[in-house]
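# Structural description and commentary
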Amino acid sequence: VASRALSNVALNVPSCGRIYYLSLEFYMGRTLQNTMVNLGMQNVCDEAIYQLGLDLEELEEIEEDAGLGNGGLGRLAACFLDSMATLGLAAYGYGIRYEFGIFNQKILDGWQVEEADDWLRYGNPWEKARPEYMLPVHFYGRVEHTAEGVKWIDTQVVLAMPYDTPVPGYKNNTVNTMRLWSAKAPNDFNLQEFNVGDYIEAVLDRNLAENISRVLYPNDNFFEGKELRLKQEYFVVAATLQDIIRRFKSSNFGSRDPVRTCFETFPDKVAIQLNDTHPALSIPELMRILVDVEKMEWEKAWEVTKRTCAYTNHTVLPEALERWPVTMFEKLLPRHLEIIYTINQRHLDVRDLDRLRRMSVIEEGDCKRINMAHLCVIGSHAVNGVARIHSEIVKNSVFKDFYEMEPEKFQNKTNGITPRRWLLLCNPGLAGVIAEKIGEDFVTDLSQLKKLLDFVDDEVFIRDVAKVKQENKLKFSAYLEETYKVKINPSSMFDVHVKRIHEYKRQLLNCLHIITLYNRMRKDPSKSFVPRTVMIGGKAAPGYYMAKMIIKLITSIGDVINNDPYIGDRLKVIFLENYRVSFAEKGKTAKGVDSLKLPPLPAGGSVNRDRSPAAPAQREATPRTEPATACTSLLCRYNAREYYERIPELRQAIDQLSSGFFSPKDPGCFRDVVNMLMNHDRFKVFADYQAYMECQGRVDQLYRKPREWTKKVIKNIASSGKFSSDRTITEYAREIWGVEPSAVKIPPPNIPRE
Ligand SMILES: *Cc1c(COP(=O)(O)O)cnc(C)c1O
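What this report covers is the structure whose coordinates are included nearby. (Residues numbered from 1 in each chain as written. Predicted model: local features only at pLDDT ≥ 70, side-chain atom pairs only at ≥ 80, totals over all residues. Heavy atoms only, no water.)

What the protein chain contains, in helices and strands, is 30 helices and 22 strands. Counting all 754 residues of the protein chain, 60% fall into the buried class. For the protein chain, the share of sequence-separated contacts (at least 6 apart) that also reach a separation of at least 24 residues comes to 75%. Accessible surface computed for the protein chain: about 32,100 Å², of which carbon and sulfur atoms make up 53%. (Helix = DSSP H or I, 4+ residues; strand = E, 2+ residues; numbered from the N terminus. Buried < 20%, exposed > 50% of the residue type's maximum accessible area, 1.4 Å probe, protein only. Contact = heavy atoms within 4.5 Å. Areas by Shrake-Rupley, 256 points an atom, 1.4 Å probe, with all protein chains shown as cover.)

Quick look at the sheet that holds strand β17 (residues 369-371) now. The three strands are arranged β15-β17-β16 in an open sheet whose pairing can be described as antiparallel. The open sheet has two free edges, formed respectively by β15 (323-325) and β16 (362-363), since each of these has just one partner strand. With two bridges joining them, β16 and β17 adopt antiparallel strand pairing. Bridge pairing in β17 places Ile362 opposite Ile370. (Pairing = 2+ DSSP bridges.)

A few words on the packing of helix α19 (residues 428-438) against helix α20 (residues 459-484). Where α19 meets α20, the closest approach of the two axes is 9 Å, and the angle between their N-to-C directions is 165°. What the angle tells us is that α19 and α20 run roughly antiparallel. Taken as a pair, α19 and α20 cross one another with a handedness that is right-handed. For the pair α19 and α20, the contacting residues are Gly429, Leu430, Val433, Glu436 and Lys437 in the first and Phe461, Asp464, Val465 and Val468 in the second. Looking at side-chain class alone, the contact of α19 with α20 contains five nonpolar, one polar and three charged residues. (Axes fitted to C-alpha atoms, helices over the stretch in contact; angles between N-to-C directions. Parallel < 35°, antiparallel > 145°, perpendicular 65-115°, else oblique. Left-handed = near helix turned anticlockwise from the far one by under 90°. Nonpolar A, V, L, I, M, F, W, Y, C, P; charged D, E, K, R; others polar.)

Looking now at the sheet that holds strand β22 (residues 571-576). With parallel pairing, the three strands of this open sheet are ordered in space as β20-β21-β22. With partners counted over all chains shown, the strands left at the sheet margins are β20 (493-498) and β22, one partner each. Each adjacent strand pair in this sheet contributes to an overall mean axis angle of 15°, direction not counted. When strand β21 (residues 532-537) meets β22, the two strands line up parallel, connected through six bridges. Each bridged residue has a counterpart across the sheet, and for Thr533 the counterpart in β22 is Lys572. Strands in contact with α20 are β20, β21 and β22; relative to β22, the strand with the most contacts, it is inclined by about 75°. In the packing of helix α21 (residues 507-523) onto the sheet, the strands contacted are β20, β21 and β22, and the crossing angle to β21 comes to about 155°.

Further remarks concern helix α22 (residues 545-562). Helix length check: α22, at 18 residues, gives a terminal C-alpha distance of 26 Å against a target of 26 Å (1.5 Å per residue), a fit within 8%. With 16 of 18 residues buried, α22 is to be regarded as a mostly interior element. (Expected span 1.5 Å × (residues − 1).)

Looking now at the pattern of salt bridges. The final tally for this structure, using the stated rule, is 53 salt bridges. In this structure, the salt-bridge partner of Glu404 is Arg355, at a minimum N-O distance of 2.3 Å. Placement of Glu404 in helix α17 (residues 400-405) and of Arg355 in helix α14 (residues 353-359) is noted, with a sequence separation of 49 residues between them. Arg532 is the salt-bridge partner of Asp495, the closest N and O atoms lying 2.6 Å from each other. Placement of Asp495 in strand β20 and of Arg532 in strand β21 is noted, with a sequence separation of 37 residues between them. For the pair formed by Asp495 and Arg532, the shared burial category is buried. (Salt bridge = Lys/Arg side-chain N within 4 Å of Asp/Glu carboxyl O.)

Now for the nonpolar core. By size, the foremost hydrophobic cluster in this structure holds 163 residues, and its most contacted members are Met84, Phe235, Phe329, Phe442 and Trp737. If you look at the next biggest cluster of nonpolar residues, it comprises 54 residues, including Leu508, Leu517, Ala541 and Leu657. (Core = buried A, V, L, I, M, F, W, Y, C linked by side-chain atoms within 4.5 Å.)

Once that is clear, we can look at unusual backbone geometry. Positioned with a positive phi, Tyr140 is a non-glycine residue whose angle comes to about 60°. Note on Tyr140: relative accessible area 18%, which makes it buried. Positive phi values are uncommon outside glycine, yet Arg506 reaches one of about 70°. With respect to the helices and strands, Arg506 occurs in the loop between β20 and α21.

Side chains Cys309 and Tyr311 project from strand β14 (residues 309-312) onto one buried face, and the interleaved Ala310 and Thr312 project onto a second face that is buried too. Sheet analysis places strand β13 (residues 270-275) next to β14, joined by four bridges and oriented parallel. Its bridge partner being in β14, Asn275 is matched across the sheet by Thr312. Examined bridge by bridge, β14 and strand β18 (residues 382-385) share three bridges and lie parallel to one another. From the neighbouring strand, Thr312 faces β18, where its bridge partner is Asn384.

Moving on to the packing of aromatic side chains. Across all of its chains, the model carries 27 aromatic pairs by this definition. With a centroid separation of 4.8 Å and 85° between ring planes, the pair formed by Tyr703 and Trp709 is classed as edge-to-face. In this structure, Tyr703 and Trp709 share a single accessibility class: buried. Members of the aromatic cluster, connected to one another through ring pairs, are Tyr20, Tyr92, Tyr94 and Trp181. Against the face of Tyr163 rests Arg97, its NZ or CZ located 3.8 Å from the ring centre. (Phe/Tyr/Trp six-rings, centres within 6.5 Å; stacked < 30°, edge-to-face > 60°. Lys NZ or Arg CZ within 6 Å of the ring centre and 35° of its normal.)

What follows concerns the environment of Val534. The residue Val534 is located in strand β21 in this model. Val534 gets classed as buried once you look at its relative accessible area, which sits at 0%.

To continue, consider a nonpolar patch on the surface. Together, Leu191, Tyr199, Ile200, Val203 and Leu204 give the surface a local cluster of nonpolar side chains, amounting to about 480 Å² of exposed area. Turning to its location among the elements, Val203 is positioned in helix α6 (residues 199-204). Given a relative accessible area of 35%, Val203 falls into the partly exposed group. (Patch = residues over 30% accessible without salt bridge, like charges linked within 9 Å, V, L, I, M, F, W, Y side chains within 5 Å.)

Its place among the elements puts Asp292 in helix α10 (residues 282-293). On the basis of relative accessibility, which here comes to 9%, the residue Asp292 falls in the buried class. A distance of 2.7 Å separates polar atoms of two side chains, one belonging to Asp292 and the other to Arg335. Non-local contacts of Asp292, meaning those with residues more than four positions away in its chain, are made with Val150, Met287 and Arg335. (Polar contact = N/O pair within 3.5 Å; in protein donor to acceptor, adjacent residues only side chain to side chain.)

Another aspect to go through is the state of the cysteines. Scanning all chains against the criterion turns up zero disulfides. As a non-bridged cysteine, Cys309 has Cys376 as the owner of its nearest cysteine sulfur, 8.4 Å distant. The class for Cys309 is buried, based on a relative accessible area of 0%. (Disulfide = S-S within 2.5 Å.)

Attention now goes to a negative patch on the surface. Together, Asp46, Glu47, Asp55 and Glu58 line one region of the surface with negative charge. Here Glu47 is to be found in helix α3 (residues 42-51). (Lys, Arg positive; Asp, Glu negative; His and termini not counted. Charge placed at Lys NZ, Arg CZ, Asp CG, Glu CD.)

Of all 10 residues in strand β12 (residues 175-184), nine are buried; the element is thus mostly enclosed. Pairing of strand β11 (residues 156-168) with β12 involves 10 bridges; the strand directions are antiparallel. Residue pairing across strands places Pro166 opposite Thr177, the latter belonging to β12.

Remember that the coordinates give geometry; whether it matters functionally is a separate question.
Set out below in structure tokens:
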């Protein structure tokens, strides 16, 4: 099947700007089933494999996840690739082919233990090495200013080997490319100036260069500031920009005269989207190429760069913002540091000195640092947040000064997910029931789900939806019983909270809810409770102490509750080990359970189940109880002890944690958790406790009325259409990249064209 980027040229399609999505993470998961779904050949393959005496589901389970991401940011990049191919955009994903993806999580004695993710051990059938496109990337060295211009010399070179993975669109005869770079030492690495005479040492030292693409940093929303990570960021940027410019020059977009390429048209043909600040070096690197190599005038180069680049902000958490020490930067990328200083001087035209200091790319202080977010805002023509509320915060707090100066730059692009993987592939039962009512067009136009509102009173439909859910739950119960040796009540409410473990993601609030339910059951044994199976899963960054304590807390609470004979199967707490993309799917395979990305829980009752990347987005569509944290301003102080003293059930739960009720073998185990919650909880968990308990109470009441529950499920599904990544990408295309997703029909490859 022809590559879309090529077929645009071949078919003489007007257009065609190429879209480059740069990301340090592509959390792809498995590829086999997704490929069959998008090519519309699942049934054919199923039949063929069956005739060979094999089982397709069994084969699918053998595939390793491509776990080249941490969480939402990396999965978003993967969903975007699917949508861009499906919408027929000439789009490329560019990233790093990490030899080790996100670690595998083992739970030992209730604690997280990490294991290396050697996903390439048995080879990767979906990738193709392209040594003919290998490119050099330079590091270190020094800068020489001469009459002919600026030279970056005496550098160390690492080679970037591209590996291409096909990205098929959904039944549209289009296949795009994800190109991931792998680091390769040059054959003369360390043999020339260093280690002369020590050939063996020099060969062993090749590892130093090749370590660049060795491993994904396992931090979610946290900036670690390691030199190897900065090398990774420049590595992907430098290789990708060379590739982009080679492609720009080789197409006749540049100029009729191949000698003097006209870079003024570059932004009309090339759009670079920066997935967070991780590939922010694209801005100074493009400036370096245009000014130092292509000899373009600075001001012209700056216009080209700005019109080419756009920046997506993912978080406002201060600890997540990239601020590289100038000293480290200067050693590794001396020319880029100069360029950043010049950008800062020439393109930050601010009189007010205090404002200038706040907006500077260079932060003064005992350690001078480069603020990568500021660099991105200054060097991009568009800046977007990823949910309505988030984009408002971006404008009104973190980038307030920049917004006041250039308000037209700031946009919102609410995240979405691909309905192919997250509905068709992982919940074919539900997709089938929906298709029976509204046809199959919702697969590429998810807004059509709203037609389901016509069927909220359709008894057959209500029954069918309930049946699909019940079947999924039955399968999942069997899997849980087998895996965790816990007796599950399949008709209990499945309360699932899966995402990276982080204080801001509120797993501790969930724990307090569970403990409170448990205490209520023990206090009033004869009262009727809505049975619940609470499942919490997610990885903790290996160096994040509190996140690891949270995992130990969840497993400890489970140990006590799950073995309490007075509780029976009315309340179970299970930690889902090694949560990852293929686990999030768990649809048609033996494991069952509804998609964790689309909304089965009723709107308004969606308390802790804020599923994502639609999670923050969902709240846009759904009226909810205001969180008790009305005080979001810095001036409003938060006094945890006040809540602790005022709310008896909260106090009891905290006292149990303090006394070792849930950790009899180590009573002091949760001392630090309690101390954090009571004395320095940045995320004000106690302030939400009451509203959260009340909301969960309403969820319980609704669950007692299965028909009403299912009707709300249907309404919720009907209003989830906005959260398709097709809608998100259509907005990026029109409002940031200046391209129109084309409805051009590419003919199937085996039918000859006229
Ligand atoms: C979707 C997804 C995430 C992101 O979930 P959030 O709730 O937005 O944090 C993380 N990990 C995996 C495996 C996912 O599929």
